[in-house]
Amino acid sequence: MTTQPTSKWTSTGTPKGAWQITFLLFLFMVVNFADKIVVGLAGVPIKKDLGLTPEQFGTLGSSFFYLFSISAIVIGFVANRASTRWILLILALIWAVTQFPMVGTVDFTTLVICRIILGAGEGPAAAVAIHAIYKWFPDEKRTLPTAILSQGSAFGVILTMPALGWVINTYSWHLAFGVLGIVSLLWAVAWFAFGKEGPLASTSAVVADEQRVPYWRLLTSRTFIGCVAATFGAYWALSLGLTWFTSFIIEGLGYTQKQANFISILPWVFGAVVVILSGWISQLMLARGFTTRGARGVLGSVPLIVGGCILATLPYVPTGWLIPLLVIGSGLCGAIYVVCPAMLGEFTPVSQRGAMIAIYGALYTLSGILAPQVMGNVIQHATTPMAGYMSGFTINAAIMAGSGVLGLLLLWPNTERARLAGTSQPAGAIKGAMSPT
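Definitions and limits used
Residues numbered from 1 in each chain as written. Predicted model: local features only at pLDDT ≥ 70, side-chain atom pairs only at ≥ 80, totals over all residues. Heavy atoms only, no water. Helix = DSSP H or I, 4+ residues; strand = E, 2+ residues; numbered from the N terminus. Buried < 20%, exposed > 50% of the residue type's maximum accessible area, 1.4 Å probe, protein only. Areas by Shrake-Rupley, 256 points an atom, 1.4 Å probe, with all protein chains shown as cover. Contact = heavy atoms within 4.5 Å. Phe/Tyr/Trp six-rings, centres within 6.5 Å; stacked < 30°, edge-to-face > 60°. Lys NZ or Arg CZ within 6 Å of the ring centre and 35° of its normal. Core = buried A, V, L, I, M, F, W, Y, C linked by side-chain atoms within 4.5 Å. 1 Å grid on protein atoms, 1.4 Å probe; cavity = no way out; pocket = protein on both sides within 12 Å on 5 of 7 lines; lining within 4 Å. Points joined across faces, edges and corners; volume = space filled by probe spheres on them. Nonpolar A, V, L, I, M, F, W, Y, C, P; charged D, E, K, R; others polar.

Q: Describe the overall build of the chain, with residues and values.
A: Secondary structure summary: the chain contains 22 helices and zero strands in total. In the chain, which comprises 437 residues, the share counted as buried stands at 60%. As presented, the chain carries roughly 16,100 Å² of accessible surface, and 72% of it is formed by carbon and sulfur atoms.

This is the structure in structure tokens:
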């Protein structure tokens, strides 16, 4: 166990109202992931109604991510200077507007276009929300609120999947999109009324005193590369879950749509436990003197390797083991989402943090374009759908385990911070770069 150097920023208190904002942003992420899951949940009726092939459905799943990364980068740079309160409000309104066209009769092209626009509105969401929450918590207190924020993804599925499944079964998949549009509008109203900018923001004296670090130095740091590589594999698994998991349960294992609605919740329940535990364990390790290399880098990477190894066994186990192993293997990847933004925040200057987290998100979510399409192509050309699913999950296993290995090798945020502190920059630059706010 290595003791972390003491810093005068570790004594920073948590401002009043921080947990209220955390709750609102948690709900923001709930809506965000409910929007993502609806196509996968309604996959079988959508394919039936529109006559889609597996390749076309894979294209539909991937289309959500076509502008996702570009939008994340653009808005990330905007977030460096603009109020996150207003950015988040505008994003929520975009989500609402793009859901309502699906309430009526639509064709495949219209559905794809709406998903592309929705993806552009959701691409910056996680990065801007994290940037916003970091304006309310000092560095040593960030992993738990980050874990809570990231649990919006799990609860977005756990809370909304039974409700959306009921709407799809009782009425139609069209109405499910309309319900999500209304929910987005309700969140926008609540955020307009209660959302605020954090006091640990870029208008503080710390940022006024800081010197920016060239982006090429930040983007080529091994910890940034490691974060992108590790989370790329985790998001590959998540993207498959969003698009193909429910279809696999119905088409591959023979369950009904109603049964699949509840089974599809299981990976997210397990993932929620993993993420909350990761956030708690990480903060506990930091409090006991571990470096952020161990408390964040190792803690996030090892579960990816273990999860990939579990998924690699799927083609060789009895059918009854498939769902439990899928739940455990894919759920373990959640730890990396908690630790990577915090690691980037350790050495990124405050005035550049919004863009850096956005660029990080834009790069790792590129797997969201690839994963659904690869699975669709594999299923389309396999001898049987089940054989195609098994091949797709094997590819997922290799990518997930490989990304974990890369993370284990590259994630050294404490030495990244020391490297920046050891350069010949003015004192103000180091102070800004190391500030947790």
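Further notes follow.
Q: I'd love a proper account of the environment of Val106, names of residues and values included.
A: Considering the arrangement of structural elements, one finds Val106 in the loop between α5 (84-99) and α6 (108-122). Classification of Val106 by relative accessible area gives buried; the value is 10%. Note: C-alpha distance between Val106 and His174 (68 residues apart in sequence) is 8.9 Å. In contact with Val106, other than residues within four places in its own chain, are Leu50, Pro101, Trp173 and His174.

Q: Quick rundown of the packing of aromatic side chains? Include the residues and the values.
A: All chains considered together, the criterion is met by 23 aromatic pairs. Chaining the aromatic ring pairs together yields one cluster made of Phe64, Phe65, Phe68, Tyr235, Tyr337, Tyr360 and Tyr364. The ring of Phe57 has Lys47 sitting right over it, with the charged end atom 4.9 Å from the ring centre. Over the face of the ring belonging to Trp412 we find Arg293, whose NZ or CZ atom lies 3.9 Å from the ring centre.

Q: Before we move on, can you summarise the nonpolar core with the specific residues and values?
A: By size, the foremost hydrophobic cluster in this structure holds 124 residues, and its most contacted members are Leu25, Trp268 and Ile336. The element contributing the most residues to this core is helix α12 (residues 222-252), with 16 residues. Once you skip the residues sitting within four places of it in the chain, Ile336 turns out to touch Ala230, Thr231, Ala234, Gly300, Ser301, Leu304, Pro341, Tyr360 and Leu411.

Q: Mind laying out empty space enclosed by the protein, listing which residues take part and the relevant values?
A: Overall, the coordinates contain two cavities of 30 Å³ or more when judged by the stated rule. Within this model, the largest cavity holds a volume of roughly 700 Å³. Along the wall of the largest cavity there are 46 residues; nearest its centre are Phe33, Ser153, Tyr235, Leu238 and Tyr337. Looking at the lining of the largest cavity residue by residue, the class counts come to 29 nonpolar, 15 polar and two charged. There is about 90 Å³ of room inside the second largest cavity. Taken together, Lys36, Val39, Gly40, Leu60, Gly61, Phe64, Phe65, Arg115, Ser239, Leu242, Thr243 and Pro372 form the lining of the second largest cavity. Counting only elements with at least two residues in the lining of the second largest cavity, the list comes to α1 (18-41), α3 (54-63) and α12. Taken together, the residues of the lining of the second largest cavity sort by class into six nonpolar, four polar and two charged.

Note that every value here comes from positions in space, so none of it alone points to a role or purpose.
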